[in-house]
Each structure stands twice: as structure tokens, then as C-alpha cells.
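# Descriptive structure summary
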Amino acid sequence: KAVIYLCEHNKEGAIGLMVNHPIHCPLGFVFEQMEIEIKVPLLSEVNLMIGGPLHQEHGFVIHEDTGEKWRSTLKMPRGLCITTSQDILKALAVGEGPKEMIFVLGYSAWDAGQIEEELTKDNSWLIYSAEDNSLLFDVPADKRWETAMNRMGIGNMQFLTGSGNA
């Protein structure tokens, strides 16, 4: 029941960030480890997401594109950005920067052709092409999978977690 925001997909493979599995580690802990003082108290209580099994020591901020220039940002469709540089964290700590964001540690990746095989041959994934960013920013993390399924017209009773042969 993973909801993965696919960041990049090309002939060399794919990279994505899981956005529906919070870890019970507040963002304040990360700021403390990085020696960044938080002047916005609520920010320290935000839970981090586990983005995937790879390099969980690497952090990603998925956020709205506000036009600000961060040192390491990848612009995505529908006005989203993914930033990996500390300058965004320092700005957020003092109440500046984007208002809508998700903090992720780690990522998921697939080798060349792997995700295509999982999609077609293995039928392991469903694709939800969001029309807006509401699934990310307006839906609580623990409801994102169910909400995406409902938006695709698939209810819980229609979705089987096992498979079989006829």
C-alpha cells in the first residue's frame, strides 16, 4: 500500500519517493542533528516520511514551487519541486520558504526496464496521474493510498492483495 511520487523515469530507470509512510521521528530531530535552530515551533513536530529503502540518510523536501532559488532543486510537473539542499531547511526554520511541503528520508529506485516489467508483466503497480497536488498536501499521509484508490474508482472491496490463476 505504497503511494510513490515518481520523480524521474527514463531509459536508465526510475526514481520515486514514497509519500504515505510517516516515521515517528519529528523533523525537529533532523534540524537538531544538523544544528539548525528552529524558530517556528510547529515545524519541529512535523513527522518525516520514509521515502524508500535506499539511502535513508538523504533528505528530500517535496514542496510547491514558490519561485525561490534553492541550491539543489528539481522542478516537477504541476508546480512541484524537490529540493535536497540545506538552504531550504534553514529558510523553513525561520518561517520562510514554501508553505506546502513533505519531508522524506530515502528513496525508491528501479533499474532500466524494471518498473516497466513490474507494471506490465507483474502487474505490481497502479498508476494514478494526479490532476493537482491535493493528494500530497491536503490528504493525511495515512489516507493517501485509500484516497488515490478511490479517485481511480477502485474501492477497497474491489482491490485484492493476492493473486491467483484461473
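In this report, we go over the structure that sits alongside the text. (Residues numbered from 1 in each chain as written. Predicted model: local features only at pLDDT ≥ 70, side-chain atom pairs only at ≥ 80, totals over all residues. Heavy atoms only, no water.)

## Focus on the pairing of strand S7 (residues 80–83)
Just so we agree on the cut-off: The buried label goes to any residue with under 20% of its type's maximum accessible area, the exposed label to any with over 50%, and the partly exposed label to all in between, with areas taken from a 1.4 Å probe on protein chains only. A helix here means a DSSP run of H or I that spans at least four residues, while a strand means a run of E at least two residues long, and both kinds are numbered starting from the N terminus. At least two bridges found by DSSP between two strands are what make those strands a pair.
Across the two faces of S7 the burial is the same, with Leu80 and Ile82 and Cys81 and Thr83 all buried. Of the strand pairs in this sheet, strand S6 (residues 73–76) and S7 are connected by four bridges, and their pairing is antiparallel. Bridge pairing in S7 places leucine 74 opposite isoleucine 82. Linkage of S6 to S7, two consecutive antiparallel strands, is achieved through a turn of three residues, within which arginine 78 is found at a positive phi near 60 degrees.

## Some details on the packing of aromatic side chains
Selection criterion: Only the six-membered ring of Trp is used, alongside the rings of Phe and Tyr, when aromatic pairs are assigned; centres must lie within 6.5 Å, and planes under 30 degrees apart are stacked while those over 60 apart are edge-to-face, with the rest tilted.
Tallied over the full model, the rule gives two aromatic pairs. When the centroid spacing of 6.0 Å and the interplanar angle of 80 degrees are considered together, the rings of phenylalanine 60 and tyrosine 107 count as edge-to-face. With a gap of 47 residues between them, phenylalanine 60 in strand S5 (residues 54–64) and tyrosine 107 in strand S8 (residues 101–111) connect regions that are remote in the sequence. Each of the two residues, phenylalanine 60 as well as tyrosine 107, counts as buried. Ring geometry for tryptophan 110 against tryptophan 125: centres 6.0 Å apart, planes inclined by 80 degrees, an arrangement best described as edge-to-face. Here tryptophan 110, found in strand S8, pairs with tryptophan 125, found in the loop between helix H3 (114–120) and helix H4 (134–137); they are 15 residues apart in sequence, far enough to count as distant. Judged by relative accessible area, which is 9%, tryptophan 110 ranks as buried. By relative accessible area, tryptophan 125 is classed as partly exposed at 28%.

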